[in-house]
Structures are given as C-alpha cells and as structure tokens.
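The primary structure of each chain is shown beneath.
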Amino acid sequence: SSGINAEYGEKQKRSKSHYVQNKKRQKKQARGRLSLDTLKSSTKGIIATANFLDYGCRREVFSLLDDFTDKKVEKDSESQDVDDEIAKEIAELKAEKKRFQIVDTTLNNMMFIAVFDDTIEVCQLVHNILSNLREKKERKTRFLQRIIPVSNTCYASVEDIKKTALEMIKDTFYNKTPKTFGIIFKSRNNSSVSRDEVIKIVATVATDGDTYSEFNKVNLDNPEYAIIINIVKTITFMGVVKDFKLLCRYNVDELTKNYAASIKPQNEAAD
C-alpha cells in the first residue's frame, strides 16, 4: 500500500507526477540565471544557505536586501499621475533584477546572489543586516540559515587565491595596527586544492610573510577579522568580515532563534 501509516509515522509514497512537477519547477527557476562557468573574476555578492526550501530562502534573502538597500525615491502624489507611478515602479523592478542576480551553483540549499551595484559594499551590507537583527531582536526568516558576503571571486587555484587574497586584504592588514584574524575554509565539489594549502598561503599573505606577523595574529576563537573562503567546483568565493563570533558565525538562524518572529505563516498573512 502507498498510503501513510499515521500510527508509525511512515511517509506516504510520492507519485511520479510529484517528481515530474518538481523537476519542471527547478528548470523554470534556473532560466535566466548566471552559471558558475560564466561568472567573472572579482564578482561580489552574497552566499545564502537554506535549512530547507531553496525558494523560501531565496525569497527571504531578497526581502532583506530590499529592506537594507532601499533606493526608491518617494513619489510626489501631486506632481505624478497613476500611469507615471506605475511606469516608474516597473522600471524600478527591472533595475532591481539587474542589481541582484542569482547564480546557479547546482547545489541544493546553497545559492550565490551576484551584486552588480558598485555603490553596495557587500561585507558592510551583510554586517548591517545581522547587527540590525541582533539589536532589534527580530526574527525575519524561517528558511535562511547563513548569509555570507563575498567581496571577490577567482578561479580555484592556489596561485589565483593568493593573488586575490592580496588584493582583498592588503588595505586592512598591511599596517602596524594590532589585529587578530582567523581563516574559515569550506570546499564543495572540488579536489584540486587542499584546505591546508589554502589556509597556509592566505595566512602568509595576511602577514606579508613575516613583515606584519608582529601585528597580525591568528585567533581562531574570536578573531577581529574572519577571512572566509568558500570553494564551489572551480570558483573561489572570498570575503573579510567582522564580529564573526558575536554574530553567530553569520548564521542567521542561530542568531535569531530566540527572538520573537516578525513574520507570519503564509496562511495567516493572507487573512
């Protein structure tokens, strides 16, 4: 029998049509997205991971981005008619799509949103989002797990990672101001570079050999700066963030789990 046994909690067998529809939905969602293969070096953006339900996570991320990068100009109702306002809103929506574009990572529960707005500093933006949620003690998401800023991308090779790390951190690290740092590394679907190799080379870059080793100290427990490196297939995503421990390692779910929800389930929101 394909029914569900409620007493023993057995799952109901899904029909073939369920999987067909799910496959169609995935293909539809992938249309118009950038692919990892076409991603240019030095692209900035945001990595978002989901607990489950990618589309729910995607909706929540774009909602947060909309809240914290609001560029909409207030409308003067006396000088604009309804048609002008509608045309302006359509233009704004089109511009929003160009500012943020999903890159198809082909991985479940992980997406990359490329940012094509030069006025947005992604590391500061994500820090502002998390700090605001912490300060106001708000829970605005259910499906979003982590939100990680990416200030630079490059090909997944030791040489390219070294070069990109230098460009990314030299302004912050190459001075005589005492600071601590940690390197956070994660690799998915890649075997061309090793964790130890990448961490060693980036740590060397962070201290410029021994030049700044007196001032730039490793602190894995609570670093002032966390250098986050994510490798997905042939692409490396890199960023430098602050308050990594304070903001629960940029885990939105963990940061806000004890906060009162400021969102309503969909069935309630329609009431």
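Source: prediction; values computed, not measured.

A.B. asks: How do you make sense of the overall build of the chain when you look at a structure like this?
C.D. replies: Each helix and strand counted, the chain has eight helices and twelve strands in total. Residues counted as buried form 38% of the 271 residues belonging to the chain. Here the analysis covers contacts within the chain between residues at least 6 apart in sequence; of these, 77% occur between residues at least 24 apart. Per element, the accessible surface of the chain, about 16500 Å² overall, is 47% carbon and sulfur.

A.B. asks: Can you help me understand helix H4 (residues 122-136) in this one?
C.D. replies: Its 15 residues give H4 an end-to-end C-alpha distance of 21 Å, which sits within 8% of 21 Å, the value for a rise of 1.5 Å per residue. By the burial criterion, the buried members of H4 are Val122, Cys123, Leu125, Val126, His127, Ile129, Leu130, Asn132 and Leu133. Phi for lysine 137, located one or two positions after H4, is positive at around 55°.

A.B. asks: Teacher, can you tell me more about the sheet that holds strand E2 (residues 45-50) here?
C.D. replies: Each strand in a sheet pairs with another by means of backbone hydrogen bonds, the pair being arranged parallel or else antiparallel. An order of E1-E3-E4-E2-E6 is seen for the five strands of this open sheet, with the pairing classed as mixed. Looking along the sheet, the strands with just one partner apiece sit at the ends: strand E1 (34-35) and strand E6 (144-150). Relative to strand E4 (residues 110-115), strand E3 (residues 100-104) runs antiparallel, the two sharing four bridges. Residue valine 103 lies in a different strand from E4, and its bridge partner there is phenylalanine 112. Most of the contacts of helix H2 (residues 54-68) go to E4, to which it runs at about 30°, and overall it touches E2, E3, E4 and E6. Docked against the sheet, H4 engages E2, E4 and E6, running at close to 150° with respect to E6.

A.B. asks: Would you explain the sheet that holds strand E10 (residues 225-232) in this entry?
C.D. replies: Taken together, five strands build an open sheet; the order of strands is E7-E11-E10-E8-E9 and the sheet is mixed. Two strands close off the open sheet at either side, each with one partner strand: strand E7 (152-155) and strand E9 (216-218). Pairwise comparison of adjacent strand axes, ignoring direction, gives a mean angle of 30° for this sheet. Inspection of the sheet shows E7 paired to strand E11 (residues 235-242) by four bridges, in the antiparallel sense. By the bridge assignment for E11, threonine 153 is matched with phenylalanine 237. Strands in contact with helix H5 (residues 158-173) are E7, strand E8 (179-188), E9, E10 and E11; relative to E11, the strand with the most contacts, it is inclined by about 15°.

A.B. asks: Quick question: what am I supposed to make of the packing of aromatic side chains here?
C.D. replies: In this description, an aromatic ring pair is defined by two values, namely the gap between the centres and the angle between the planes. Across all of its chains, the model carries seven aromatic pairs by this definition. Taking the centre distance of 6.4 Å and the plane angle of 85° together, the rings of phenylalanine 62 and phenylalanine 100 count as edge-to-face. Taken together, the residues span a long stretch of sequence, with phenylalanine 62 in helix H2 and phenylalanine 100 in strand E3 at a distance of 38 residues. Looking at phenylalanine 62, the relative accessible area reads 26%, which means it is partly exposed. Relative to tyrosine 212, the ring of tyrosine 174 has its centre 5.3 Å away and its plane inclined at 10°; by these criteria the two rings are stacked. A residue pair is termed long-range when its members are at least 10 positions apart, and tyrosine 174 in the loop between H5 and E8 and tyrosine 212 in the loop between helix H6 (195-206) and E9 qualify at 38 residues. Judged by its relative accessible area of 22%, tyrosine 174 falls in the partly exposed class.

A.B. asks: Sorry if this is basic, but what is going on with the pairing of E2 here?
C.D. replies: Note on strand geometry: in a regular strand, side chains alternate between the two faces of the sheet. Within E2, six of the six residues are buried, which leaves it mostly tucked inside the rest of the structure. Residues Gly45, Ile47 and Thr49 of E2 are buried on one face, and the alternating residues Ile46, Ala48 and Ala50, pointing to the opposite face, are buried as well. Where E2 lies against E4, five bridges are found, and the strand directions are antiparallel. Note that in E4 the partner of alanine 48 across the bridge is methionine 111. Pairing between E2 and E6: six bridges, direction antiparallel. Bridging across to E6, threonine 49 finds its partner in arginine 146.

A.B. asks: Can you walk me through the nonpolar core in this structure?
C.D. replies: Across soluble globular proteins, nonpolar side chains have a tendency to be buried as a group. Among the nonpolar cores identified, the biggest contains 43 residues, and Cys57, Phe112, Leu130, Phe237 and Tyr250 are the most heavily contacted of them. Setting aside anything within four residues of it in sequence, one finds phenylalanine 237 in contact with Leu36, Leu39, Ile47, Phe112, Val150, Asn152, Thr153, Ile228, Ile229, Asn230 and Val232. Counting 22 residues, the second largest nonpolar core, distinct from the first, contains Val202, Val205, Ala206 and Ile231.

Reading the values: rules and limits
Residues numbered from 1 in each chain as written. Predicted model: local features only at pLDDT ≥ 70, side-chain atom pairs only at ≥ 80, totals over all residues. Heavy atoms only, no water. Helix = DSSP H or I, 4+ residues; strand = E, 2+ residues; numbered from the N terminus. Buried < 20%, exposed > 50% of the residue type's maximum accessible area, 1.4 Å probe, protein only. Contact = heavy atoms within 4.5 Å. Areas by Shrake-Rupley, 256 points an atom, 1.4 Å probe, with all protein chains shown as cover. Expected span 1.5 Å × (residues − 1). Pairing = 2+ DSSP bridges. Axes fitted to C-alpha atoms, helices over the stretch in contact; angles between N-to-C directions. Phe/Tyr/Trp six-rings, centres within 6.5 Å; stacked < 30°, edge-to-face > 60°. Core = buried A, V, L, I, M, F, W, Y, C linked by side-chain atoms within 4.5 Å.

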